[in-house]
Amino acid sequence: MSVRRVVPDLHIAHDGAAEALAGHRAFYGLLGFEEVMNHGWVMTLASPANPTAQLTFLTHDASAPVAPDLSIEVEDVDAAYAAVLASGARIVHPLRDEEWGVRRFFVEDPDGRVVNVLGHRGPADG
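Computed from a predicted structure; not experimentally measured. (Residues numbered from 1 in each chain as written. Predicted model: local features only at pLDDT ≥ 70, side-chain atom pairs only at ≥ 80, totals over all residues. Heavy atoms only, no water.)

A.B. asks: So what exactly am I meant to see when it comes to the overall build of the chain here?
C.D. replies: Of the regular secondary structure elements, the chain holds two helices and eight strands. Ordering the α and β elements of the chain from the N terminus gives β-α-β-β-β-β-α-β-β-β. Taken against the 2.2 N^0.38 rule, which gives 14 Å for 126 residues, the C-alpha radius of gyration of the chain at 15 Å falls within 12% of a compact globule. Principal axes of the C-alpha set define a box for the chain whose edges measure 45 × 30 × 30 Å. Each of the 126 residues in the chain was classed as buried or not, and the buried ones make up 38%. Taking contacts inside the chain between residues at least 6 apart in sequence as the whole, the part at least 24 apart equals 47%. Each charge class in the chain was averaged separately, 9 positive and 18 negative side chains, and the resulting centres sit 2 Å apart. (Helix = DSSP H or I, 4+ residues; strand = E, 2+ residues; numbered from the N terminus. Rg over C-alpha atoms; globule rule 2.2 N^0.38 Å. Buried < 20%, exposed > 50% of the residue type's maximum accessible area, 1.4 Å probe, protein only. Contact = heavy atoms within 4.5 Å. Lys, Arg positive; Asp, Glu negative; His and termini not counted. Charge placed at Lys NZ, Arg CZ, Asp CG, Glu CD.)

A.B. asks: Any chance you could explain the pairing of strand β4 (residues 54-58) here in plain terms?
C.D. replies: Moving residue by residue along a regular strand, the side chains alternate between the two faces of the sheet. Within β4, five of the five residues are buried, which leaves the element mostly enclosed by the surrounding structure. Burial along β4 is two-sided: Gln-54, Thr-56 and Leu-58 facing one way and Leu-55 and Phe-57 facing the other are all buried. Examined bridge by bridge, strand β1 (residues 3-11) and β4 share three bridges and lie parallel to one another. Bridge pairing in β4 places His-11 opposite Leu-58. (Pairing = 2+ DSSP bridges.)

A.B. asks: I would appreciate a short explanation of the UniProt feature "domain: VOC" (unreviewed entry) in the chain in the present structure.
C.D. replies: Taking the UniProt record as the reference, the feature "domain: VOC" (unreviewed entry) is found at residues 1-120. As annotated, residues 1-120 has a helix share of 20% and a strand share of 42%, and its two end C-alpha atoms lie 15 Å apart. (UniProt positions renumbered as here; feature names shortened; annotations may be inferred.)

A.B. asks: Just to check I follow, could you spell out the sheet that holds β4 for this structure?
C.D. replies: Two orientations exist for strands paired in a sheet by backbone hydrogen bonds: parallel and antiparallel. Strands sit in the order β2-β3-β4-β1-β5-β8-β7-β6 across an open sheet of eight strands; the sheet is mixed. Strand pairing shows two members of the sheet lacking a second neighbour, β2 (34-38) and β6 (91-97), which therefore form its edges. Going across the sheet, the axis of each strand differs from the next one's by a mean of 25°, ignoring polarity. As judged from the four bridges shared by β2 and strand β3 (residues 42-46), these two strands associate in the antiparallel manner. Bridging across to β3, Met-37 finds its partner in Thr-44. Across the sheet, helix α1 (residues 17-29) lies against β2, β3 and β4, angled at about 5° from β3, the strand it touches most. (Axes fitted to C-alpha atoms, helices over the stretch in contact; angles between N-to-C directions.)

Next up, the structure:
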């Protein structure tokens, strides 16, 4: 199984989310990060020199019952889901296609951290 990137998902307060996101964008901008995605509830910053070096800030998750602690993008999310199911690990959010172009699921790691395992859908995937 091929891992494309690993991104920490850093939780921020719901109240004043826009200001908090702006503050994080400005602070991490000092270290060379630039905004590459912002849906209002989640924002990702990346290094232009190394686009897989990323930080994600979120207030909540738009379609899942919990917010993840960590995101792992894999080459084949369906294969990852099958492997995780076979292991007996606890699925927190089932495999599904999201409107923002990813296919993903959430699983708990052995310490209870919620891991968002995802793959980006291609144009042919709808």
